[in-house]
Amino acid sequence: QVQLVESGGGLVQPGGSLRLSCAASGFTFSHHDLSWYRQSPGKDRELVAEITGVGRSTNYADSVKGRFIISRDNAKNTVNLQMNSLEPEDTAMYYCNARDRFIRFDAWGQGTQVTVSS
């Protein structure tokens, strides 16, 4: 059974920090591209950060550059998102994604809610 389970979301005040984690089971994602997406009511799902399976290069949305850091631990089959200097605009449901485009593998987690409010 293929599963991705996010954790670490919650309520935080503006300027605070959260660390999201995503644990995979049923497969090993050492060769997969890993990403974090987010979606808030009335908006499209947005790519926040990604880290490639080959080369481990990273890419961030302009809105989070300098504040968020994506990392992966292939030995533990996890991908993390460190979020600093959080803003109300960061409020969303955050999802992790694992993808291998060559074999057309695409898995999603159930999401974890992040709410930034005073």
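Residues numbered from 1 in each chain as written. Predicted model: local features only at pLDDT ≥ 70, side-chain atom pairs only at ≥ 80, totals over all residues. Heavy atoms only, no water.

A. Just the overall build of the protein, in detail. A tally of helices and strands in the protein yields zero helices and eleven strands. Listed by position from the N terminus, the elements making up the protein come as β-β-β-β-β-β-β-β-β-β-β. Taken over the C-alpha trace, the protein has a radius of gyration of 14 Å; the compact-globule value for 118 residues is 13 Å, and the two agree within 12%. With respect to the principal axes defined by its C-alpha atoms, the protein has extents near 45 × 25 × 25 Å. With 118 residues in all, the protein has 42% of them scored as buried. Long-range contacts, defined here as pairs at least 24 residues apart, represent 54% of the contacts in the protein between residues at least 6 apart. Just so you have it, the protein exposes about 6300 Å², and 49% of that area is on carbon and sulfur atoms. (Helix = DSSP H or I, 4+ residues; strand = E, 2+ residues; numbered from the N terminus. Rg over C-alpha atoms; globule rule 2.2 N^0.38 Å. Buried < 20%, exposed > 50% of the residue type's maximum accessible area, 1.4 Å probe, protein only. Contact = heavy atoms within 4.5 Å. Areas by Shrake-Rupley, 256 points an atom, 1.4 Å probe, with all protein chains shown as cover.)

B. Molecular detail of the packing of aromatic side chains. According to the stated counting rule, one finds three aromatic pairs in the structure shown. Ring-pair connections join several aromatic residues into one group, and the members of that group are Phe27, Phe29 and Phe105. Positioned above the aromatic ring of Tyr95, the side-chain terminus of Arg45 is 4.1 Å from the ring centre. The ring of Trp108 carries the charged tip of Arg45 above its face, separated from the ring centre by 4.8 Å. (Phe/Tyr/Trp six-rings, centres within 6.5 Å; stacked < 30°, edge-to-face > 60°. Lys NZ or Arg CZ within 6 Å of the ring centre and 35° of its normal.)

C. The arrangement of the pattern of salt bridges in detail. The full count for this structure, using the stated rule, is five salt bridges. The shortest N-O distance in the salt bridge between Asp62 and Lys65 comes to 3.1 Å. On the accessibility criterion, Asp62 (66% relative accessible area) is exposed. The exposure class assigned to Lys65 is partly exposed, which follows from its relative accessible area of 48%. Through salt bridges with shared partners, one network takes in Arg38, Glu46, Arg67, Glu87 and Asp90. (Salt bridge = Lys/Arg side-chain N within 4 Å of Asp/Glu carboxyl O.)

Purely geometric numbers; function is a separate question.
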